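Below, each chain spelled out in residue letters.
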Amino acid sequence: MRPLSLDERPAGLVRRLEPVLIDQIAAGEVVERPASAVKELVENAIDAGATAIEVVIDGGGRRLIRVTDNGTGMSAEDLALAVERHATSKLPTSDLFSINSLGFRGEALPSIGAIARLAITTRRRDGANGWQIVVDGGQKGEVRPAAANSGTRIEVTDLFSATPARLKFLKTDRAEAQAVVEAVKRLAMAHPHVRFTVAGEHLTTVDLPAEGEDEEALLRRLSRLLGPEFHANAIPIDATREGVTLGGYAGLPTFHRGTAAHIHAIVNGRPVRDKLIFGAVRAGYMDVLPSDRHPAIGLIVTCDPRLVDVNVHPAKTEVRFRDPGLVRGLIVGALREALVRAGHRAASTGGERTLATFRPAALPPTADAGRLAAFPQRALPARDFTPRPSVAGWQAPLTGFGEPTSLAPPPLSADASADAAPPREEDLDQPLGAARAQIHENYIIAQTREGLVIVDQHAAHERLVYERMKRERAANGIARQLLLIPEVVELDSGAVERLDAQAEVLAGLGLVVESFGPDAVAVREMPAALAGGDIRRLVMDVADALTEWGDTRALEERLDHVLATMACHGSVRSGRRLKPEEMNALLRDMEVTPLSGQCNHGRPTYVELKLADIERLFGRR
């Protein structure tokens, strides 16, 4: 059917909508799913000063949502007005830019009452009795006296019964229940002094006790929500700039996750999913995290309410800062400073995962010898273990990070070796201990007072070279080494043109190249820190990066990425044998170099195994 033009339409088509229909339209924005309703009701409880909030749901929140708190409660007059549209106690003045509460629009209760059956029972702490009101499908009942504890209990039943079409867009009851839990957890993270309980069908009861109001309260709450390992792998954040304060805790780069669901941001007590903050977090972890991994972090942004607009999203999950550049710079700078302050620390979970690989998967830890005997054993050929005359009195000396000595028989492994002299006491007291062996020509085994450390020599040296080059660039420029004979690298003509166009910038990074015909470049100088590296592969990788970025300004913006590429080619390669003093020097450099707990690609450079865990692995504890 053809729509009527403006000239063809009769007069009087514009009409004022009924109040119930207005509330149902508003509910479509505010109450998208049961979790949205729970979020609004819990925010009201927090604004009421509650210190204990209980949420009970049934049918994923469709059949029942009950939120009980011990807040200030309401009088009969306030209760009658609370279910009216745009009635709120949270805007004492008409200044919409001075909001100090989570809710402020006065839409939640009337919107929920328009699409469900809403029952509110409340009593003030100084009230003689409680009061109750019922709103069913937008029809408001009378306020009646009721027996009630101090605080407020809100029950929402048959959600979306007045708008059944919305039910078709809901997920399964289990999925909706999990969404409710996540909504409560985000609010619980922002308010660690409040106890939260969530119970109901299709979910395990969540009980988050009040953590108090001391400095460690947030860390304890984060550890309950992000996992107990977060406590040992968190770095405190504390920074202030031009009236904006940033606090919270950031997980170590090696304590990363597969999704961004563990990035939490709180602005003036309000949990938000803001793109600006998420982008700043990614920038702060830029060169210490794999591209497909995400940090675990809880950030608290506190500022004057006038510096942030919270009225830009129907669900209030996004905010807009008056000076977004200031906030982004504060977050990026604070995160980088915290990661540098963490030094060589790596996630404590690395050692646990390493130990787990040694545990027999087919046998529970409590298996006894009788059950072990039931497992089939491989038949081993009979062997004579009588010592040969030539080695009967020989004890393997702990020598040889390099070639085996003439006094020792050939080692069982071509690259397994150990030091003849006992480790120095001062080395054992260092965080990464004393080097004792190099295995598979890539891994350094170091001994500490409390266990042992396994170091990936290539990944560790890659980070050391990278950080050294960044320091040189920030100071007086990267030191260069002139090549006695220029290295000629053949490339396609397009790559040669891109390298030639960026020759000045590359020279500032210590790599001096010039075109050598249409299909090659000549490398005349290279960074001194990369002396002995694979020049050809380095130039080819830099050329590939320029091809990928395209924009001629991209190199200036990604200098750290270029330095990381260079450092990868200039680091100690896998397969290179190291002397004892070289390995110990590498360990000492790692201890004083920021971010040395992970390589340039975000992988851990070492794992630490505690002696107590090793002893448990062998049944000694």
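Residues numbered from 1 in each chain as written. Predicted model: local features only at pLDDT ≥ 70, side-chain atom pairs only at ≥ 80, totals over all residues. Heavy atoms only, no water.

(A) Here's a closer look at the overall build of the chain. The helix and strand tally for the chain stands at 19 helices and 24 strands. Per-residue burial for the chain yields a buried fraction of 47% across its 621 residues. Sequence-distant contacts, at least 24 apart, represent 67% of the contacts inside the chain between residues at least 6 apart. (Helix = DSSP H or I, 4+ residues; strand = E, 2+ residues; numbered from the N terminus. Buried < 20%, exposed > 50% of the residue type's maximum accessible area, 1.4 Å probe, protein only. Contact = heavy atoms within 4.5 Å.)

(B) Spotlight on the sheet that holds strand β22 (residues 512-515). Within the open sheet, the three strands sit side by side as β21-β23-β22. Their pairing is antiparallel. Strand pairing shows two members of the sheet lacking a second neighbour, β21 (480-490) and β22, which therefore form its edges. Strand after strand, the sheet turns through a mean of 20° between neighbouring axes, direction not considered. The sheet contact formed by β22 and strand β23 (residues 520-527) spans four bridges and is antiparallel. What sits directly across from Val512, in β23, is Glu525. (Pairing = 2+ DSSP bridges. Axes fitted to C-alpha atoms, helices over the stretch in contact; angles between N-to-C directions.)

(C) Structural detail: the side chain of Asn584. Locating Asn584 in the fold gives a position in helix α18 (residues 580-592). Residue classification places Asn584 among the buried residues on the basis of a relative accessible area of 16%. Residue contacts for Asn584: discarding those within four places in its chain leaves Asp427, Gly433, Ala434 and Ala435.

(D) Representation of the side chain of Arg588 in the model. Mapped onto the elements of the fold, Arg588 is located in helix α18. A polar atom in the side chain of Arg588 sits 2.8 Å from the side chain of Glu591. Ignoring any residue separated from it by four or fewer positions in sequence, one finds Arg588 in contact with Asp427, Gln430, Leu432 and Gly433. (Polar contact = N/O pair within 3.5 Å; in protein donor to acceptor, adjacent residues only side chain to side chain.)

(E) Representation of the sheet that holds strand β13 (residues 270-272) in the model. Pairing in this open sheet of five strands is mixed, and the strands run β10-β11-β14-β12-β13 from one edge to the other. A single partner strand is all that each edge strand has here, and the edge strands are β10 (234-241) and β13. With direction set aside, neighbouring strand axes in the sheet form an average angle of 20°. Summarising the sheet, strand β11 (residues 244-251) and strand β14 (residues 297-302) pair through six bridges and their orientation is antiparallel. What sits directly across from Gly248, in β14, is Leu299. Strand contacts of helix α5 (residues 173-190): β12 (263-267) and β13, with the helix running at about 55° to β12, the strand carrying the most contacts. Helix α7 (residues 275-284) contacts β12, β13 and β14 of the sheet and is inclined by roughly 130° relative to β12.

(F) The pairing of β11, seen in detail. For β11, the tally of buried residues reaches seven of eight residues, placing the bulk of the element in the interior. Pairing analysis gives eight bridges linking β10 to β11, with the strands arranged antiparallel. In the strand pairing of β11, Pro236 is matched with Tyr249. Between β10 and β11, which pair antiparallel in sequence order, lie two residues; one of them, Glu242, sits at a positive phi of approximately 50°.

(G) Looking closely at helix α12 (residues 457-474). With 18 residues, α12 extends 26 Å from end C-alpha to end C-alpha; this agrees with the ideal 26 Å at 1.5 Å per step. Taken across its 18 residues, α12 has 13 buried, putting it largely inside the fold. (Expected span 1.5 Å × (residues − 1).)

(H) Summary view of the nonpolar core. Within the largest apolar cluster, 100 residues are counted, with the highest numbers of intra-cluster contacts made by Ile53 and Val55. Examining the composition of this core, we find that ten residues originate from one element, α5, more than from any other. Every residue in contact with Ile53, bar those within four places of it in the chain, is listed here: Val42, Ala45, Ile46, Val67, Thr68, Asp69, Val194, Arg195, Phe196 and Thr197. In terms of nonpolar packing, the next biggest core, distinct from the first, is built from 31 residues, Leu491, Ala495, Ala529 and Ile535 among them. (Core = buried A, V, L, I, M, F, W, Y, C linked by side-chain atoms within 4.5 Å.)

(I) Geometry of the packing of aromatic side chains. Within the structure shown, the criterion is met by one aromatic pair. Measuring from ring centre to ring centre gives 6.1 Å for Phe230 and Phe255, while their planes differ by 55°; the resulting arrangement is tilted. Within this pair, whereas Phe230 is found in the loop between α6 (217-226) and β10, its partner Phe255 is found in the loop between β11 and β12, the two being separated by 25 residues in sequence. By the burial criterion, Phe230 is buried, and Phe255 matches it. (Phe/Tyr/Trp six-rings, centres within 6.5 Å; stacked < 30°, edge-to-face > 60°.)

(J) Fine view of the packing of α12 against α18. Between α12 and α18, whose axes approach to 10 Å, the crossing angle comes to 50°. Classified by the angle between their axes, α12 and α18 sit oblique to one another. The hand of the α12/α18 crossing is left-handed. Seen from α12, the contacting residues are Gln457, Ala460, His461 and Leu464; seen from α18, they are Leu586, Asp589 and Met590. Considering only residue class, the contact of α12 with α18 consists of four nonpolar, two polar and one charged. (Parallel < 35°, antiparallel > 145°, perpendicular 65-115°, else oblique. Left-handed = near helix turned anticlockwise from the far one by under 90°. Nonpolar A, V, L, I, M, F, W, Y, C, P; charged D, E, K, R; others polar.)

(K) View of the pairing of β23. The buried count for β23 comes to seven of eight residues, which makes it a mostly enclosed element. Bridge count for β21 against β23 is seven bridges, and the pairing is antiparallel. In the strand pairing of β23, Arg480 is matched with Pro527. What sits between the antiparallel neighbours β22 and β23 is a turn of four residues, in which Gly517 has the positive phi angle 90°.

(L) View of the pattern of salt bridges. Counting across every chain of the model gives 31 salt bridges. Across the pair Glu211 and Arg221 runs a salt bridge, and its minimum N-O distance is 3.9 Å. Separated by ten residues along the polypeptide, Glu211 in the loop between β9 (206-208) and α6 and Arg221 in helix α6 bring together distant segments of the chain. Neither Glu211 nor Arg221 differs from the other in exposure class; each is buried. With its nearest N and O atoms 2.8 Å apart, the salt bridge here joins Arg588 to Glu591. (Salt bridge = Lys/Arg side-chain N within 4 Å of Asp/Glu carboxyl O.)

(M) Region of the structure containing the environment of Glu472. Along the chain, Glu472 falls in helix α12. On the accessibility criterion, Glu472 (17% relative accessible area) is buried. Glu472 has contacts with Gly477, Ile478 and Ala479, leaving out every residue within four places of it along the chain.

(N) Local environment of the confidence of the model for the chain. Residues with a pLDDT of 70 or more make up 78% of the chain, whose mean pLDDT is 81. For the stretch residues 362-414, pLDDT sits under 50, and the model shows 38 contacts to residues farther than four places along the chain or on other chains. (pLDDT = per-residue confidence, 0-100.)

(O) Molecular detail of unusual backbone geometry. Within the chain, Phe160 stands out as a residue other than glycine whose phi angle is a positive 70°. Turning to its location among the elements, Phe160 is positioned in the loop between β7 (151-157) and α5. Assessed through its relative accessible area of 1%, Phe160 is described here as buried. Even without being a glycine, Leu595 presents a positive backbone phi close to 65°. Checked against the element boundaries, Leu595 lands in the loop between α18 and β24 (606-610). Classification of Leu595 as buried rests on a relative accessible area of 6%.

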